[in-house]
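Observations on the three-dimensional arrangement
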Amino acid sequence: EEEERVRVALPVLAGAVELHFPLGFGVFAEGSGLAANYGKYEAKYFDVRGGVNWKSRFIFVQGGYQYLLLYGKASDEMEVEYGLAGPFVSAGAKL
C-alpha cells in the first residue's frame, strides 16, 4: 500500500452579517472560503450558512441551511472532494 500526502496552505476569507429584531429574534448569514491554484495543485474550501436565530442572555437557538465543500487536486493522480449540504438546528447555553 502506498500513501502520499500533499500539504498546501490555503488562505481563507470570511464574513458575517446579522440583523436583530425585537424579542431576541434575528436572521444571519456567514461564510468563509477561497479557491486557489498552486501550479499543479488546486484547492477549494467553502463553508456558508444562513438562517434564523433567537438569543437570550444565557440561551441561543438557531436553524437554517449550510453548505460545506472541501476539494483538493494534485496533478492528475490525486483528487479529493467532500461536501455536505442541508438544513441544521443548533442550541446552546452561555455562562
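The present account deals with the structure reproduced in this document. (Residues numbered from 1 in each chain as written. Predicted model: local features only at pLDDT ≥ 70, side-chain atom pairs only at ≥ 80, totals over all residues. Heavy atoms only, no water.)

**A word on the pairing of strand β5 (residues 78–93)**
Where strand β4 (residues 59–74) lies against β5, 16 bridges are found, and the strand directions are antiparallel. Its bridge partner being in β5, Y71 is matched across the sheet by E81. (Pairing = 2+ DSSP bridges. Helix = DSSP H or I, 4+ residues; strand = E, 2+ residues; numbered from the N terminus.)

**Examining the pattern of salt bridges**
In total, this model carries three salt bridges according to the counting rule given. Of the charged contacts, one joins E30 and R49 as a salt bridge, the two residues approaching to 2.7 Å between their closest N and O atoms. Residue E30 is located in strand β2 (residues 25–38), and its partner R49 is located in strand β3 (residues 41–55); the two are separated by 19 residues in the primary sequence. Here E30 falls in the partly exposed class, since its relative accessible area comes to 31%. Salt-bridge contacts for E42 lead to K44; the nearest nitrogen and oxygen are separated by 3.7 Å. Judged by its relative accessible area of 29%, K44 is partly exposed. (Salt bridge = Lys/Arg side-chain N within 4 Å of Asp/Glu carboxyl O. Buried < 20%, exposed > 50% of the residue type's maximum accessible area, 1.4 Å probe, protein only.)

**Here's the deal with the sheet that holds β4**
Within a sheet, each strand pairs with its neighbour through backbone hydrogen bonds, oriented either parallel or antiparallel. Taken in spatial order, the five strands line up as β1-β2-β3-β4-β5 in an open sheet, and their pairing is antiparallel. Each edge of the open sheet carries a strand with a single partner, namely β1 (13–20) and β5. Ignoring strand direction, the axes of neighbouring strands in this sheet form an average angle of 5 degrees. (Axes fitted to C-alpha atoms, helices over the stretch in contact; angles between N-to-C directions.)

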